[in-house]
Amino acid sequence: MSAYSSDLDLNVSDTTGNGVEVDVATNLLNGTVRLSVLWTQEVHLHPDDAERVAQSLLRAAEHGRHIAEARSSGTEQSTGPSQ
C-alpha cells in the first residue's frame, strides 16, 4: 500500500499529445506533497491545465498541513484525499 494519496480530480496531460501526465499526491503519513511528471522530465500545459495543477497543489498543501498538525498534536487525521 502506498503512503501517497493522489488527487483523483486532476487529469492533466501534455499539450504535445505524447502521453505525459501530471500527478499531485499527499503523503498520508507525514503530510508532504509530491508533484510528479510521469514519463518525461518536462510537461507543456495549456493555461487552463496549469491552473488545474496549481489548484491541485493548493488542495494537497492544505491536506498536508492538516496531517502534519494532527501528527504534532497526537490526534487522528482522516487519510482520505482532500476535496
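Here is what the cut-offs are and how they apply
- Residues numbered from 1 in each chain as written.
- Predicted model: local features only at pLDDT ≥ 70, side-chain atom pairs only at ≥ 80, totals over all residues.
- Heavy atoms only, no water.
- Helix = DSSP H or I, 4+ residues; strand = E, 2+ residues; numbered from the N terminus.
- Expected span 1.5 Å × (residues − 1).
- Contact = heavy atoms within 4.5 Å.
- Buried < 20%, exposed > 50% of the residue type's maximum accessible area, 1.4 Å probe, protein only.
- Pairing = 2+ DSSP bridges.
- Phe/Tyr/Trp six-rings, centres within 6.5 Å; stacked < 30°, edge-to-face > 60°.
- Lys NZ or Arg CZ within 6 Å of the ring centre and 35° of its normal.

Enquirer: Break down helix 1 (residues 47–73) for me, citing the residues and quoting the values.
Expert: Here helix 1 is 27 residues long and its end C-alpha atoms lie 39 Å apart, about the 39 Å a rise of 1.5 Å per residue gives. Taken together, the buried residues of helix 1 touch strand 2 (12–13), strand 3 (21–27) and strand 4 (33–38).

Enquirer: An account of the pairing of strand 3 is requested, with residue identities and associated values reported.
Expert: With respect to burial, strand 3 is a largely interior element, 6 of its 7 residues being buried. For strand 1 (residues 4–6) and strand 3, the ladder comprises 3 bridges, and the chain directions are antiparallel. Paired with tyrosine 4 across the bridge in strand 3 is asparagine 27. Sheet analysis places strand 2 next to strand 3, joined by 2 bridges and oriented antiparallel. Residue pairing in the sheet places valine 12 in a bridge with valine 22 of strand 3. With 6 bridges connecting them, strand 3 and strand 4 associate as antiparallel partners. Across the sheet, the residue bridging to glutamate 21 is leucine 38, located in strand 4. Connecting the antiparallel pair strand 3 and strand 4 is a turn made up of 5 residues, with glycine 31 showing a positive phi of about 85°.

Enquirer: Explain unusual backbone geometry to me, and be specific about the residues and the numbers.
Expert: Although it is not a glycine, tryptophan 39 adopts a positive phi angle of roughly 85°. You can see tryptophan 39 is positioned in the loop between strand 4 and helix 1. On the accessibility criterion, tryptophan 39 (70% relative accessible area) is exposed.

Enquirer: Quick rundown of the environment of valine 37? Include the residues and the values.
Expert: Of note, valine 37 is situated in strand 4. Taking the C-alpha atoms as reference points, valine 37 and valine 24, 13 residues apart in sequence, are found 9.0 Å from one another.

Enquirer: Lay out the packing of aromatic side chains in plain terms, naming residues and giving numbers.
Expert: Under the criterion given, the structure shown has 0 aromatic pairs. Above the plane of the ring of tyrosine 4 lies arginine 34, whose end atom (NZ or CZ) is 4.3 Å from the centre.

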